[in-house]
Amino acid sequence: MLTQAIKGVKDVLPEDSVKWRHLEGVVRKLFSDYGFSEIRTPIIEHTILFARSIGATSDIVEKEMYAFKDQGGDEITLRPEGTAGVVRAYVEHKLFASRSVTKVYYMGPMFRRERPQAGRLRQFHQIGVEALGVSEPGIDVDILAALVELFSRLKVQGVELHINSLGCRDCRAAYKIALKNFLTGKIDSLCPDCQRRVETNPLRALDCKSEHCEAATADAPMMLEYLDSDCRAHFESVKQGLDDLGIRYVINPRMVRGLDYYTRTTFEMIAVDKKGAQNAVAAGGRYDSLVEEIGGPPTPGIGFAIGVERLLLMLPEAGDSAPLPKVYIAAIGGEAARFGQKLADALRKCGISAERDYSPGGLRNQMKKADRSGAAYTVIIGEDEMTKGAAILRDMKTREQSEVKLDEMVEEIKKRVAAFSTDANNEHGTRFL
RNA sequence: GUGAGUGUAGCACAAUGGUGGUGCACCAGAUUGUGGAUCUGGGCGUUGUGGGUUCGAGUCCCAUCACUCACCCCA
């Protein structure tokens, strides 16, 4: 169908884009407060980058990537997540050489070819941060604090921070074997999905919602019990840091992250009212081996990504959102219309948003449109005014109007708008609530 | 990839197998130069699409497409 968007992608219409910009504004300020700078990496990368970083056998790489061969025969993929590209840029531009820590954030579209449903799209957007070069748990705490503060600034209620530690490569390997043995012993009481998972992704069985599996894994070995002393100390420090900042969290030893590169600290921001389905609105963790794995120097890293569409679903409703023109110009007759055009142009060049009716119509009609546009003032120009050389300036709220000479109109409006714009309107003439 | 549900006007919804309506929105007029209220008038909609059953299908059947929800997976 010519007039139909691709499955799983969405238009952000003018009514909605206000919400997006509000979110982006809050996010940019916050990340700046926490010392992150923006990075913009390409939407396409070499396919191999994602295969290496996310894990070749992960669902994302195996069946969800938009991967194609371009005209020159290169294997290209539309990014399914943001970390890989950032890490690639970090290594490619040798950012590790000039500073000890690199703290960046990004926001933009990601692509995964899944079956769409609530909070899950094929083109979706993530806002994420990455901090590279620091292995100390203090950075984990900073990152978590930023995440929690973001939800607080956005006034989003009903979320819980869940944290876990997956250990490092060494202690997780030992744990995986122990868990696999345990699950193999219970194989008959697991759901078909989990029977498969024992081989492919045993950790996932701990996260299964099936009652049988919950019961069967009730006394399964937990990763936290298998942490080596360094990983355990790291996790303890993170918890201590969160406590010091008064950040509430839930230790969730069964929490599993989907991407292969996570180590040690992992976390999710969970919407408590949605049990099960797409309740993770933000998630992240440490990835201390990733930089090295894709060919950079051994460098620890940690980051998170927020699902923008999921977060938007939780945002409290903003009130008035359409941009409000400050001045509406109602002109009757050809000569007046020409003056109206010039007046609008002059106002706009002064940074005063002006709107007018493009089609001829009676004054009543134009007043109606002026009213609906939400304009604070309306300039009324007709035959009489043109001959008199003075038009009517009407305050739409008080309904008071006065005669203003045509050549003084711009100055008069500037004067009034200056007083008006100090309150609820921001620099774009857009009102948020 | 698996399963279920839903497709009727711009939007939200009606219509025992028998001429497809209502509300909101929109446009015009009442008010030939003054806005939010009120009143009056204004819609030939390929009933998602294609087949089938029937004298007759928005309604029943099949297929297909789209959307939605859940599983899987994940932000």
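Calculation rules
Residues numbered from 1 in each chain as written. Chains lettered and ligands numbered in written order. Predicted model: local features only at pLDDT ≥ 70, side-chain atom pairs only at ≥ 80, totals over all residues. Heavy atoms only, no water. Pairing = 2+ DSSP bridges. Helix = DSSP H or I, 4+ residues; strand = E, 2+ residues; numbered from the N terminus. Axes fitted to C-alpha atoms, helices over the stretch in contact; angles between N-to-C directions. Contact = heavy atoms within 4.5 Å. Parallel < 35°, antiparallel > 145°, perpendicular 65-115°, else oblique. Nonpolar A, V, L, I, M, F, W, Y, C, P; charged D, E, K, R; others polar. Left-handed = near helix turned anticlockwise from the far one by under 90°. Near = heavy atom within 4 Å. Polar contact = N/O pair within 3.5 Å; in protein donor to acceptor, adjacent residues only side chain to side chain. Domains from an automatic or database assignment. Buried < 20%, exposed > 50% of the residue type's maximum accessible area, 1.4 Å probe, protein only. Right-handed = clockwise from strand over helix to strand, strands pointing away. Core = buried A, V, L, I, M, F, W, Y, C linked by side-chain atoms within 4.5 Å. Phe/Tyr/Trp six-rings, centres within 6.5 Å; stacked < 30°, edge-to-face > 60°.

**Student:** Could you give an account of the sheet that holds strand β12 (residues 327-331), naming the residues involved and the relevant values?
**Tutor:** Ordered by their spatial adjacency, five strands build an open sheet running β13-β12-β14-β15-β16, and the pairing between neighbours is mixed. Each of the sheet's edge strands pairs with one partner strand only, and the pair in question is β13 (354-356) and β16 (401-405). Ignoring which end each strand starts from, the neighbouring axes of this sheet average 25° apart. As paired strands, strand β14 (residues 377-381) and strand β15 (residues 390-395) are joined by four bridges and run antiparallel to one another. Bridge assignment links V379 to a residue of β15, and that residue is L393. Against the sheet, helix α15 (residues 363-373) makes contact with β12, β14 and β15, and its axis sits at roughly 170° relative to β12, the strand it touches most.

**Student:** An account of the packing of helix α2 (residues 47-54) against helix α4 (residues 83-92) is requested, with residue identities and associated values reported.
**Tutor:** Packing of α2 against α4 leaves a shortest axis separation of 10 Å and a crossing angle of 105°. What the angle tells us is that α2 and α4 run roughly perpendicular. Residues L49, F50 and S53 of α2 touch α4, and the partners they reach there are A84, G85 and R88. Partitioning the contact of α2 with α4 into residue classes produces three nonpolar, two polar and one charged.

**Student:** How would you sum up the packing of helix α6 (residues 137-153) against helix α11 (residues 229-244)? Please name residues and give values.
**Tutor:** The N-to-C vectors of α6 and α11 enclose an angle of 40°; their axes lie 9 Å apart at closest approach. Compared by their axis directions, α6 and α11 come out oblique. Handedness of the crossing formed by α6 with α11: right-handed. Two secondary-structure elements touch here, α6 through P137, D140, V141 and L144 and α11 through H234, S237, V238, G241 and L242. Classifying every residue of the contact of α6 with α11 gives five nonpolar, three polar and one charged.

**Student:** Give me the lowdown on the protein's contact with RNA strand B, citing residues and values where you can.
**Tutor:** Every one of the 48 residues lining RNA strand B counts as a neighbour, but R112, R120, R197, R204 and M396 are closest to it. Expressed as a percentage, the sugar and phosphate content of the atoms of RNA strand B within 4 Å of the protein is 48%. The side chain of E114 places a nitrogen or oxygen atom 2.9 Å from a base oxygen of RNA strand B. Among the secondary structure elements, those contributing two or more residues to the surface near RNA strand B are α3 (59-64), β6 (123-132), α8 (192-200), β10 (280-286), β11 (301-307), α15, α16 (383-388) and β15. With seven residues, the single largest contributor to the surface near RNA strand B is α15. The residue makeup of the surface near RNA strand B, split by class, is 15 nonpolar, 10 polar and 23 charged.

**Student:** Give me the domain arrangement of chain A: which residues, what numbers.
**Tutor:** Partitioning chain A into domains gives domain 1 (14-168 + 228-314) and domain 2 (327-416). The straight-line distance from the C-alpha centre of domain 1 to that of domain 2 is 51 Å.

**Student:** Can you explain the pairing of β12? Please cite residues and give values.
**Tutor:** Along β12, five of the five residues are buried, which leaves the element largely enclosed by surrounding structure. In β12, alternate side chains face the same way, and those of V327, I329 and A331 on one face and Y328 and A330 on the other are all buried. In this sheet, β13 lies alongside β12 in parallel orientation, the contact comprising three bridges. Each bridged residue has a counterpart across the sheet, and for I329 the counterpart in β13 is R356. Crossover connection from β12 via helix α14 (residues 334-349) to parallel β13: handedness right-handed.

**Student:** Describe the nonpolar core, naming the residues involved and giving the relevant values.
**Tutor:** Formed by 66 residues in total, the largest nonpolar core has its most connected members in F31, I143 and F267. For this core, the leading source of residues is α6, giving nine residues. By size, the runner-up hydrophobic cluster in this structure holds 28 residues, among which are L49, A51, I54 and A84.

**Student:** Can you break down the packing of aromatic side chains residue by residue, with the values?
**Tutor:** The relation between two aromatic rings is expressed through the spacing of the ring centres and the mutual angle of the planes. Tallying each qualifying case throughout the model produces eight aromatic pairs. Each ring, one from F31 and one from Y105, has its centre 5.0 Å from the other, and the planes form 45°; the classification is tilted. Placement of the pair is F31 in helix α1 (residues 14-33) and Y105 in strand β5 (residues 102-111), with a sequence separation of 74 residues. Y105 carries the same exposure label as F31, and that label is buried. Measuring from centroid to centroid gives 5.7 Å for Y261 and Y287, while their planes differ by 70°, and the two rings are edge-to-face. On the criterion of sequence distance, the pair formed by Y261 in the loop between β8 (250-251) and β9 (263-271) and Y287 in the loop between β10 and α12 (290-293) is long-range, its members being 26 residues apart. Each member of the pair, Y261 together with Y287, is buried. Ring-pair connections join several aromatic residues into one group, and the members of that group are F31, F36, Y105, F267 and F304.

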